[in-house]
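Below, each chain spelled out in residue letters.
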Amino acid sequence: MHPLLARPARLLLMAATAALFGVALAWVLKLLNPRPWSAALAFAVPLMVIYSFIVLSAWWMCRRQPMTGTASWRPLTAQVSVALQTSAVWVAIGTFWSVAIDKWLYAELSRSAIFADLAVLYVAGIPIYLMSAGAHYLYLAFEASHEAERRVLETEVTAREAELRALRAQLNPHFLFNSLNSINALVGSDPEAARRMCEGLGDFLRRTLALGSRDAVSLGEELGLVERYLGIEQVRFGERLRVERAVDPEAASCRVPPLLLQPLVENAIKHGIQDCVDGGTIRIEARCEAGLLRVVVENPVDEDAPSRRGEGVGLENVRRRLEVFGARDAHLSSGKRGNRFRVTLTLPALAAEVAHA
Amino acid sequence: MPEPLRVVLVDDEAPARALLREYLGAHDGAEVVAECANGFDAVKRISELQPDLVILDVQMPKLDGFEVLELLEPRPAVIFCTAYDEYALQAFEVHAVDYLLKPFGRERLADALDRARERLAMKSKRAPADTPQPPAPSGAALARTARGPGKHAERIVVRDGAQVHVLPADHVDYLEAQDDYVAIHSGGKAHLKHQTLSELAESLDPDRFVRVHRSFVANVERIARIELLAKDQRVAVLHDGRQLPVSRSGHERLKELLG
């Protein structure tokens, strides 16, 4: 729908402007073939108002033929050809109109004068259509830049929001409660292990805060955080938690958003290891291929476990952060194959700057 | 010397069980008769051992704590023990003795044990007399509690002697009332569950499971077609060829759902 059609006030303004143009046209016709003002105005003004509505059709044409930087001759020729046709339609309407009002206002004009009027109509109709097309292109360009601005703003807000949510999720209280309970248990049976776990927990929290405050980290740093996380969970799950790693050194030096991997590993434990009686193996893979970094986190799934509750939000969070970080080249895919669930992150392989820490 | 108290510990994390064992060691009379690391094992051992008290984690492999409780008959006294506080309300709805939040200290467990002893003493005193006891929540109430309000069961747990079956709801073909039981037909097998048909049907997704007859609830995704045998006498033919009777009101419900 044309944006003007929804705004009656502006349409009225357009019609009034067209009426003024109609007066000008009447004057030209009167100069060409003298006649009373009433006859000239009765012919020109209604036609011009009608035409102003017809040239609004340029809106659809402009959207179908966008002015791109490179091949701008193509929309131009298209618009000119449409201008020729539109003006012809106008002339046809003009012909009917002249016949309709012929009886009472036009009688004194010769047939050739009427043809001359229609010729003027045709010649005037072409630039008027092109002007309309130009105005519409301007409007579309304005709208596009507005839209782009809005999108940039929205992306920024999304990124901030995701950042905050990720940080909040990082301090998953249940992880802390369970870890404290494990420490509580170890204090009685193995005080030395309890100390090590306190140390590990402290180290993990400190690193989380440090990485979370940066815009980007190396995958190696992120994996370091994951290792500390796994070290703590190992105490809870013992032999049920096994981990396989296959990380290319090249991949480890790539840039990634901070705290992206840890939620995935947390999911792998919560919805994988925790549901399996005998636990299982979490596999973490990272490699560079054709300019892309691919990171895979895979975990076993118990056949009796209900469909993965609550995980959608976590994955969606990671997906959005990834997209904000790597734009079009970054994406997340996930799915279950057999009894293993796999999440794959793909993002542009860019070398991380050396951390100044 | 206090009364002996036979306890089963159910938690999938070894350190958590070790802690409970250590704490319980200081209580005269309390004896840990079994430790279980998953829901299946818990149902089996608790049924065999008939302990006085079960200390039960909520999130575990195979069956969660509430599902374990649903499958136990008679039901022992239960103390829930979890890192999650959001199950507390549900725990009291199923008459749990106490609800321990990890991490907890010796005193907190001691309080919970006192309560458990009180509860057990009351029960044994009452048993011979005919003082009415508050009725224990039914299996259906437990299942509802386990799911939380407004959610549909994604799986049905069934016990067959020592064996526990977990039936995903979308694998169920139809349910059939059989006296005090419901036969759950899933993948060509029938499993009996001690529950009424309406209770079980109520727990399932109403957009998928429809009461087509007084004694039958069908998974609409399994229905191939409805056949009219005589006036007001219809059968639902399932994809595998089996036929279920469809009553008039059942037909109305089906029409409403399938549009």
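Here the structure is a predicted model, which means the values were calculated and not measured. (Residues numbered from 1 in each chain as written. Chains lettered and ligands numbered in written order. Predicted model: local features only at pLDDT ≥ 70, side-chain atom pairs only at ≥ 80, totals over all residues. Heavy atoms only, no water.)

*Asks:* Help me understand the overall build of chain A, please; the structure alone is not making it clear to me.
*Replies:* Of regular secondary structure, chain A possesses eleven helices and seven strands. Looking at chain A as a whole, 43% of its 357 residues qualify as buried. Summarising the internal contacts of chain A: among those between residues at least 6 apart in sequence, 75% fall at separations of at least 24. Summed over its atoms, the accessible surface of chain A is roughly 19,000 Å², and 63% of this surface lies on carbon and sulfur atoms. (Helix = DSSP H or I, 4+ residues; strand = E, 2+ residues; numbered from the N terminus. Buried < 20%, exposed > 50% of the residue type's maximum accessible area, 1.4 Å probe, protein only. Contact = heavy atoms within 4.5 Å. Areas by Shrake-Rupley, 256 points an atom, 1.4 Å probe, with all protein chains shown as cover.)

*Asks:* Even after reading the chapter, I still don't get the nonpolar core, so can you show me in this structure?
*Replies:* All names here are of chain A. Of all hydrophobic cores here, the largest spans 47 residues; its most connected members are Leu 219, Leu 261, Leu 264, Ile 269, Ile 282, Leu 293 and Leu 345. Mapped onto this core, the elements with two or more residues apiece are α6 (173-189), α7 (191-212), α8 (219-237), α10 (261-270), β4 (280-289), β5 (292-300), α11 (311-326) and β7 (340-348). Sorting elements by how many residues they give to this core places α8 first, with eight residues. Excluding anything up to four places from it in sequence, Ile 269 contacts Tyr 229, Leu 230, Glu 233, Phe 237, Leu 241, Gln 274 and Ile 282. Membership of the second largest hydrophobic core comes to 31 residues, among which are Phe 43, Val 82, Ala 83 and Ala 133. (Core = buried A, V, L, I, M, F, W, Y, C linked by side-chain atoms within 4.5 Å.)

*Asks:* Is there a simple way to explain a nonpolar patch on the surface in this structure?
*Replies:* Nonpolar side chains collect at one region of the surface, where Val23(A), Trp27(A), Val28(A), Leu31(A) and Trp37(A) lie side by side and expose about 490 Å² of accessible area between them. Of the residues forming the nonpolar patch, the biggest block, four residues, is contributed by helix α1 (residues 8-32) of chain A. (Patch = residues over 30% accessible without salt bridge, like charges linked within 9 Å, V, L, I, M, F, W, Y side chains within 5 Å. Salt bridge = Lys/Arg side-chain N within 4 Å of Asp/Glu carboxyl O.)

*Asks:* Just checking my understanding: could you explain the packing of aromatic side chains for this structure?
*Replies:* Describing an aromatic ring pair means giving the distance of the ring centres and the angle of the ring planes. Residues and elements named next belong to chain B. What the rule picks out here adds up to ten aromatic pairs over all chains. Aromatic side chains Phe 66 and Tyr 87 sit 6.2 Å apart centroid to centroid with 55 degrees between the ring planes, which places their arrangement in the tilted category. Here Phe 66 is found in helix α3 (residues 65-70), whereas its partner Tyr 87 is found in the loop between β4 (77-82) and α4 (88-93), with 21 residues between them in sequence. Exposure remark for Tyr 87: the relative accessible area of 15% places this residue in the buried category. (Phe/Tyr/Trp six-rings, centres within 6.5 Å; stacked < 30°, edge-to-face > 60°.)

*Asks:* Help me understand the pattern of salt bridges, please; the structure alone is not making it clear to me.
*Replies:* Oppositely charged side chains are able to pair whenever their charged atoms sit close together. Residues and elements named next belong to chain A. Throughout the structure, instances matching the rule amount to 38 salt bridges over all chains. A salt bridge links Arg 236 to Glu 233; the shortest N-O distance between them is 3.2 Å. Of the two residues, Arg 236 and Glu 233 are both situated in helix α8; the distance of three residues between them amounts to about one turn of the helix. The salt bridge involving Arg 283 is made with Glu 285; its shortest N-O contact spans 2.7 Å. The class for Arg 283 is partly exposed, based on a relative accessible area of 25%. Overlapping salt bridges bring together Glu 244, Arg 283, Glu 285, Arg 287, Glu 289 and Arg 294 as one network.

*Asks:* It is not clear to me how the sheet that holds β5(A) should be interpreted in this structure. Could you clarify?
*Replies:* One key point about sheets: their strands pair by backbone hydrogen bonds, in either a parallel or an antiparallel sense. Residues and elements named next belong to chain A. In spatial order, the strands read β2-β4-β5-β7-β6; together these five strands make up an open sheet with mixed pairing. Of all strands in the sheet, those with a lone pairing partner are β2 (241-247) and β6 (331-337), marking the two edges. Each adjacent strand pair in this sheet contributes to an overall mean axis angle of 10 degrees, direction not counted. Where α8 meets the sheet, it contacts β2, β4 and β5, and its direction lies at approximately 165 degrees from that of β2. Packing against the sheet, α10 makes contact with β2, β4, β5 and β7, and its axis sits at approximately 20 degrees to β5. (Pairing = 2+ DSSP bridges. Axes fitted to C-alpha atoms, helices over the stretch in contact; angles between N-to-C directions.)

*Asks:* Would you mind showing me how to read the packing of α1(A) against helix α2 (residues 37-54) of chain A here?
*Replies:* Two measures define how a pair of helices packs: the angle their axes make with one another and the distance between the axes. Residue and element names in this part refer to chain A. Close contact between α1 and α2 brings their axes to 7 Å; oriented N to C, the two are set at 140 degrees. Put simply, α1 runs oblique to α2. When you trace α1 past α2, the crossing you get is right-handed. Its residues placed into classes, the contact of α1 with α2 shows 20 nonpolar, two polar and one charged. (Parallel < 35°, antiparallel > 145°, perpendicular 65-115°, else oblique. Left-handed = near helix turned anticlockwise from the far one by under 90°. Nonpolar A, V, L, I, M, F, W, Y, C, P; charged D, E, K, R; others polar.)

*Asks:* In this structure, what is going on with the interface of chain B and chain A? I would like to understand it.
*Replies:* A common way to express how large an interface is: the accessible area buried when the components associate. Taken together, the contact pairs 23 residues of chain B with 24 residues of chain A. Buried area between chain B and chain A, both sides added, is near 2,000 Å², and the carbon and sulfur share of it is 49%. For chain B, the biggest contributors to the area lost against chain A are Glu13(B), Pro15(B) and Lys62(B); these three give 26% of the whole. On inspection of chain B and its partner chain A, the count reaches three salt bridges. Among the salt bridges present, the one from Lys62(B) reaches Asp302(A), with a minimum N-O distance of 2.8 Å. Looking at the side of chain B that touches chain A, the element that brings in the most residues is helix α1 (residues 14-25) of chain B, giving six residues. In terms of residue class, the side of chain B that touches chain A is made up of 13 nonpolar, two polar and eight charged. (Buried area = accessible area lost by both parts, 1.4 Å probe.)

*Asks:* Sorry if this is basic, but what is going on with a negative patch on the surface here?
*Replies:* Residues and elements named next belong to chain B. Taken together, the side chains of Glu 107, Asp 111, Asp 114 and Glu 118 make up a negatively charged region of the molecular surface. Inspection of the secondary structure assignment puts Asp 111 in helix α5 (residues 106-126). Among the residues examined, Asp 111 registers a relative accessible area of 43% and is labelled partly exposed. (Lys, Arg positive; Asp, Glu negative; His and termini not counted. Charge placed at Lys NZ, Arg CZ, Asp CG, Glu CD.)

*Asks:* I would appreciate a short explanation of the confidence of the model for chain B in the present structure.
*Replies:* One rule of thumb: low pLDDT means the predicted coordinates there are not for detailed reading. Looking at chain B, the pLDDT average stands at 88 and 90% of residues meet or exceed 70. Predicted as a complex, the structure gets a pTM of 0.68 and an ipTM equal to 0.79. (pLDDT = per-residue confidence, 0-100.)

*Asks:* Got a minute to help me understand the environment of Ala224(B) in this structure?
*Replies:* Residue and element names in this part refer to chain B. Inspection of the secondary structure puts Ala 224 in strand β13 (residues 223-230). With relative accessibility at 38%, the residue Ala 224 sits in the partly exposed group. Between the C-alpha atom of Ala 224 and that of Val 237, which follows or precedes it by 13 residues, the distance is 5.7 Å.

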